[in-house]
Every structure is written in C-alpha cells, then in structure tokens.
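Structural overview for review
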Amino acid sequence: MLRGGREVHTGAFIARIEDALRKASIYQDDLAQALAASLMPLDRLEGEAGAAVALSMEMEEEPPLVREEALLRGLLAWFKSEFFTWTDRPVCGYCDGKDTTRLARTAAPDSREAAHLASVVEVYTCSACGAETRFPRYNDPLKLLETRRGRCGEWANAFALCCAAAGLRARQALDWTDHVWAEVFLPLRAGEAPGRWVHADPCEAAMDTPLLYEAGWGKRLSYVIAVDENGVVDVSCRYARDWEAMKARRVLVDADWLKEYLAHTTAQLRSHLSADQLAELAARDAADAARDPNPVPTRQRLPGRQSGSETWVASRGEGGGNKAGAADEGPAAAGPPLVRYRLAGDEGVAARLPGRLTGGAVRASGQNGEAEGAVRALDGDPATKWLDFGGGALGAVPWLEYRVRGGAGKAGVEVARYVLTAGNDAPARDPKAVALEGQRPGSSEWVTLDEREGLCFPERGSALSFDLPTESCFPCVAFRLRILELLDRAAAGAVQLACWDLYVAQ
Ligand SMILES: [Zn+2]
C-alpha cells in the first residue's frame, strides 16, 4: 500500500521512466541512427579504435582492450571536444552578448518547440540590449543533433543516440538527484558474450568511474535507474559509496512497489521478443549481475564537476574535489579507471629536441581525460600537461610509463638524461621527489635508475635536467617515472607535469 504523498512521487517516478522509454525507442530507429551517423566521423573513430586495439595487443595488456571500449572512449572524447556545447546561459540571440543574459522566467513551449519535445522554455533577458532569448529544453534527440547544446539532459540524450549509431549498446542512467548519464555494454573479451554495463558520462567524458558523483562531486544519490528498450533496472548500488546510507535516503517510493514496477515494465518491454532474443538478454543480465554490485572503494580522489561554469557548479554544491585544500581528507572513493597504453605520437619532437627518445607508448597511474592525459607529458609541448587527480591523494605514488616500441623495444635503449618541465599553474602539484625506473629486455622487474629529492622549479613551465649515474646506463625496454612526493600535497589536490623527456646516450 502506498501512503501519504507517495502516490504523487510514484506518478512522477513513472512519468520520468516513460519519458526515457520514448527516447530509447527513438535511439533504435534506423532513420534516427542514420541521421546521427551522417554527422559523426565514424570512419575516423573506427580507425582509431582499431589502432588502439592493435596497440593493446602489442603491449600485451591484460585484459586486452576490446573494440567497443576503444570506440566508446573515442566517442566520449569526440562528443565533448568537437560536437556538443555546454550551456549555462544562452548567448543573446539579438546582440550575441555572451555574458549578458540572465534567466527571467520559464515559459511553456510554443507549438514549434513542443514539436521537438521541449519540456519547458527558459527565457533570458539581455542586460546589453534588453532583448529576450528563448532556451527551449528539447527532449527530441534528433533536434539536439542540430542544436548541439544544453546541459546534462541534452548531452546524455544526444550521446545515447550517437552510441546507438556507432553500433554500441547504450542505455540511459537516470539519477533522481538531477543528473543523467549513459551506460554502455562492453564485452570482457573480443567476440565473447560475457560483459558488463559500464558508466559513461558524456558531460565529463568520464568512463567506468561510478563513484564520480558521490566521491568526486559530493552528491548524495538516492535512485539511479537504467532504461533501454529491453528493460528498466535499478542500478543505484553500482554508484553508491555507502549502499546502506543510500538505502536510508530512498524514501521517495515504496521499495516493494519499485521492484515490482521495474520487473513488470521489463517483462512488458520483452513480451514481443523471440526465444533467442530473450535468451541473449538473459545471458547479458546474468553476466552483469555476477559482478560485485558495489563499486570498489579505494583512497583515490575523484574530481568535482567539470561541466558548467564554476559559479553554476558551486550553486549546485557539486564542486567536490575542486575545492582547494580538500586533498588530504581522503574519503573512500573508486580508483581511476585503468589507463590504457596510448601511442606517444612524439615522432616529430626529435627534430626540435635532438637525442630525445621517441616513438614509444605511454600510460599513467591516472589522468584527467584525454585533454590532460598521459600523452600530454610526452608530446614535447610545455603548453600541455598531464594531470592526475588520484595522484594528489595522501600516500599516492602517481607514475608515468614510457615503453619503447619496434626493434628497439626488444633490444632496449640506453637513456643518459631526463628532463622534467613544470605545469602552467598550481605549483603545489609539482613533483618534489621522483624515482626513474627501467625494465631490462625480457624482464618485468622495475630497476631504480635514478632518484631525486628537493626538486624546485623556479618558474611555471621551467625545466629541470638530470643525468643518470653511469651505473644506470644500460639498455631498457621501458621507463617509469614515479612521483614520490609533491611540492605541497595538502594544497595540491592532484599531480601535474608538462613534460617528461628522455634522452638517449650518444
Ligand atoms: Zn543582447
């Protein structure tokens, strides 16, 4: 029996899921997928995914990278950096004023806006010209392919359609504390049935980081419901830092009712499927259910919200790890997702930096997306940097690894010198003590080649050069820079480095 105000909440609960189901059916529409595909650089993304899989095999990564995961990573990066735009406030439609619009009121959509499933229209007035600009919150993913802007609702909606157009199995993850992201089903190994639904947030280009919200942003989640054309599933515990605490917050609808409603809706959605299709879905459900329902806690730190202006994020209390000085609190949080090897892409650097080791593959303990990924420390460009939020945690020893490829990758390379270049800001995040390690050919053991303490970069972007002791000059197939201490860990919140350049013995 439902009591008190719960009937109202239950109605709203059902309405939100039914809205997501309508979107899910659009994602499966052939024409919708074709339209999305026509706007996506699918050949490029597929090519990059294929190259990433080949590199993973060459590096003998375990588990090996599957094509779907590589494609999803590429899609997340493309969607955020090239396709969609975040909108706190729209640009003035009359004078193009960028920071001049203020929300005046909300209005009902007109017939043209309603035709594209706008739920509400935010009306902004411009302080420069006085004109009004309408910002309809469209729910039609096809319309969003044209507008390419919005907040998390629009982002997740258009992204789910793009995933479907790329041939990935995606579903919406609805969060009842005002967020929405996607989940994508990834096989564990190429061509095999077992796999798992993986968290994918297009706004943050974040993947497989389910504790991002509770541990990073400081949210207190209650319900997370995954929705696709084949079912409606309660996945809340997958995002819980403390499942018992989350359960205590789940008072919006009756727990038994929710269970029954989800089971009933899923059964209805599957009622028209063939026995084969049902068996495939059941196998996928079972594989996903077999893994640990709760995320694995560690002491790594996750970032606060990156999407939206600082003011907007702060107004929602989602800044989390962005807060200065929050580094040492060290609450339980998920570790960063496994960072895969990437090609350093540094072949051109040797012309500018004679003797610089190039052509390798790189990975790190963690990274802040592709924009501040491990590759950025090896690109020879002091204007870009590698940043790892997890590396700022108390007791963390963040690292960068550079693995030699090709013929030299078998015989090894002798390195005589290495140069570290500080990032553009936040001196607290500079390395203060480092160890350089190497791997001899045929060995997986890391040998210390050099250790340095008391590092001090005089200015932002300045470089420190270190010669290896003579006894460390022997061929290695891989090098690892471990950052043992930061300049000011309490204030850092992350580790960062603009460049790590290795120079071969002449
Ligand atoms: Zn204006």
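Keep in mind that what you see is a predicted model, and the values were worked out from it rather than measured. (Residues numbered from 1 in each chain as written. Predicted model: local features only at pLDDT ≥ 70, side-chain atom pairs only at ≥ 80, totals over all residues. Heavy atoms only, no water.)

Attention now goes to the overall build of the chain. If you tally the helices and strands in the chain, you get 15 helices and 22 strands. Its C-alpha radius of gyration of 25 Å places the chain within 12% of the 23 Å reference for a compact globule of 506 residues. Principal-axis analysis of the C-alpha atoms places the extent of the chain at approximately 75 × 60 × 45 Å. Counting every position in the chain, which comprises 506 residues, the buried fraction comes to 51%. Summarising the internal contacts of the chain: among those between residues at least 6 apart in sequence, 68% fall at separations of at least 24. Carbon and sulfur atoms make up 53% of the accessible area of the chain, which totals about 22,400 Å². (Helix = DSSP H or I, 4+ residues; strand = E, 2+ residues; numbered from the N terminus. Rg over C-alpha atoms; globule rule 2.2 N^0.38 Å. Buried < 20%, exposed > 50% of the residue type's maximum accessible area, 1.4 Å probe, protein only. Contact = heavy atoms within 4.5 Å. Areas by Shrake-Rupley, 256 points an atom, 1.4 Å probe, with all protein chains shown as cover.)

The omega torsion of the bond from Glu62 to Pro63 falls at -5 degrees, within 30 degrees of zero and hence cis. Note that Pro63 resides in the loop between helix H3 (42-58) and helix H4 (67-83). With phi around 40 degrees, Ala426 is a residue other than glycine that occupies positive phi space. With respect to the helices and strands, the residue Ala426 is situated in the loop between strand E16 (415-421) and strand E17 (431-439).

Taken together, the three strands give an open sheet; going across it, the order is E19-E16-E22, and neighbouring strands pair in antiparallel fashion. Two strands bound the open sheet, and with one partner strand each, they are strand E19 (463-467) and strand E22 (499-504). Across the sheet, the axes of successive neighbouring strands diverge by a mean angle of 20 degrees, strand direction being ignored. Summarising the sheet, E16 and E19 pair through five bridges and their orientation is antiparallel. Following the sheet pairing, Val419 is matched in E19 by Ser465. (Pairing = 2+ DSSP bridges. Axes fitted to C-alpha atoms, helices over the stretch in contact; angles between N-to-C directions.)

Looking now at the nonpolar core. Counting 63 residues, the largest nonpolar core has Phe13, Ile17, Met40, Leu72, Leu75, Phe79 and Phe159 as its most contacted members. Of the residues forming this core, the biggest block, eleven residues, is contributed by helix H7 (residues 152-165). Of the residues that make up this core, three or more belong to each of domain 1 (6-83 + 161-290) and domain 2 (101-147). Leu75 has contacts with Met40, Leu45, Phe159, Cys162, Cys163, Ala166 and Leu168, leaving out every residue within four places of it along the chain. Residues Trp386, Leu400, Ile483 and Ala492 belong to the second largest nonpolar core, which totals 36 residues. (Core = buried A, V, L, I, M, F, W, Y, C linked by side-chain atoms within 4.5 Å. Domains from an automatic or database assignment.)

Take the domain arrangement of the chain next. For the chain, the assigned domains are domain 1 (6-83 + 161-290), domain 2 (101-147) and domain 3 (339-504). Averaged C-alpha coordinates put domain 2 and domain 3 at centres separated by 48 Å.

Most of strand E10 (residues 224-228) sits out of view: five of its five residues are buried. Side-chain alternation along E10 places Val224, Ala226 and Asp228 on one buried face and Ile225 and Val227 on a second face that is also buried. Sheet topology places strand E6 (residues 170-175) next to E10; four bridges connect them, and they run antiparallel. Looking across to E10, one finds that Asp175 is bridged to Val224. Direction of pairing for E10 relative to strand E11 (residues 231-234): antiparallel, over a ladder of four bridges.

Secondary-structure assignment places Arg340 in the loop between helix H12 (310-315) and strand E12 (342-343). As a C-alpha pair, Arg340 and Lys259 span 81 residues in sequence and 38 Å in three-dimensional space. If near-sequence neighbours (up to four positions away) are discounted, Arg340 is found in contact with Ser56, Glu61, Pro63, Pro64, Leu65, Glu69, Arg73, Val362 and Arg363. Reaching out from Arg340, the side chain makes a polar contact with the backbone oxygen of Pro63 at a distance of 2.7 Å. (Polar contact = N/O pair within 3.5 Å; in protein donor to acceptor, adjacent residues only side chain to side chain.)

According to the stated counting rule, one finds 19 aromatic pairs in the structure shown. Aromatic side chains Phe79 and Trp155 sit 5.7 Å apart centroid to centroid with 70 degrees between the ring planes, which places their arrangement in the edge-to-face category. One end of the pair, Phe79, is in helix H4; the other, Trp155, is in helix H7, with 76 residues separating them in the sequence. Note on Phe185 and Trp197: the rings are 5.4 Å apart at their centroids and 70 degrees apart in plane angle, and the pair reads as edge-to-face. Here Phe185, found in strand E7 (residues 179-187), pairs with Trp197, found in strand E8 (residues 195-201); they are twelve residues apart in sequence, far enough to count as distant. Neither Phe185 nor Trp197 differs from the other in exposure class; each is buried. An aromatic cluster of at least three residues, connected via ring pairs, comprises Trp78, Phe79, Phe83, Phe84, Trp86, Trp155, Phe159 and Trp312. Of note, Arg284 hangs over the ring of Phe185, and the distance from its end group to the ring centre comes to 5.4 Å. The side chain of Arg440 reaches across the aromatic face of Phe474, ending 3.8 Å from its centre. (Phe/Tyr/Trp six-rings, centres within 6.5 Å; stacked < 30°, edge-to-face > 60°. Lys NZ or Arg CZ within 6 Å of the ring centre and 35° of its normal.)

The subject of this paragraph is the coordination of the zinc ion. Coordination of the zinc ion by the protein involves Cys92 (SG), Cys95 (SG), Cys126 (SG) and Cys129 (SG), with metal-donor separations of 2.3 Å. Here the zinc ion binds four donor atoms, and the angle range of 104 to 115 degrees at the metal identifies the geometry as tetrahedral. Positions of the donor residues of the zinc ion along the chain correspond to the pattern C-x2-C-x30-C-x2-C. With Cys95 in the loop between strand E1 (85-86) and strand E2 (101-107) and Cys129 in the loop between strand E3 (121-126) and strand E4 (132-136), the pair connects residues that are 34 residues apart, well separated along the chain. Exposure remark for Cys95: the relative accessible area of 35% places this residue in the partly exposed category. (Donors = N, O, S within 2.8 Å, 3.2 Å for Na, K, Ca; no water. Tetrahedral: all angles 85-135°; square planar, octahedral: opposite > 155°, others 65-115°.)

Further remarks concern the pattern of salt bridges. In total, this model carries 38 salt bridges according to the counting rule given. Arg405 is the salt-bridge partner of Glu58, the closest N and O atoms lying 3.0 Å from each other. One end of the pair, Glu58, is in helix H3; the other, Arg405, is in the loop between strand E15 (399-403) and helix H14 (406-411), and 347 residues separate them in sequence. A relative accessible area of 39% means that Glu58 is categorised as partly exposed. According to the relative accessible area criterion, Arg405 is partly exposed, its value standing at 28%. When the shortest N-O distance is used, the salt bridge between Arg460 and Asp430 registers 2.5 Å. With Arg460 in the loop between strand E18 (447-452) and E19 and Asp430 in the loop between E16 and E17, this residue pair connects regions lying 30 residues apart in the sequence. Residue Asp430 is classed as buried on the basis of its relative accessible area of 2%. Residues joined in a network through salt bridges with shared partners are Asp175, Asp178, Lys219, Arg305, Arg316 and Glu318. (Salt bridge = Lys/Arg side-chain N within 4 Å of Asp/Glu carboxyl O.)

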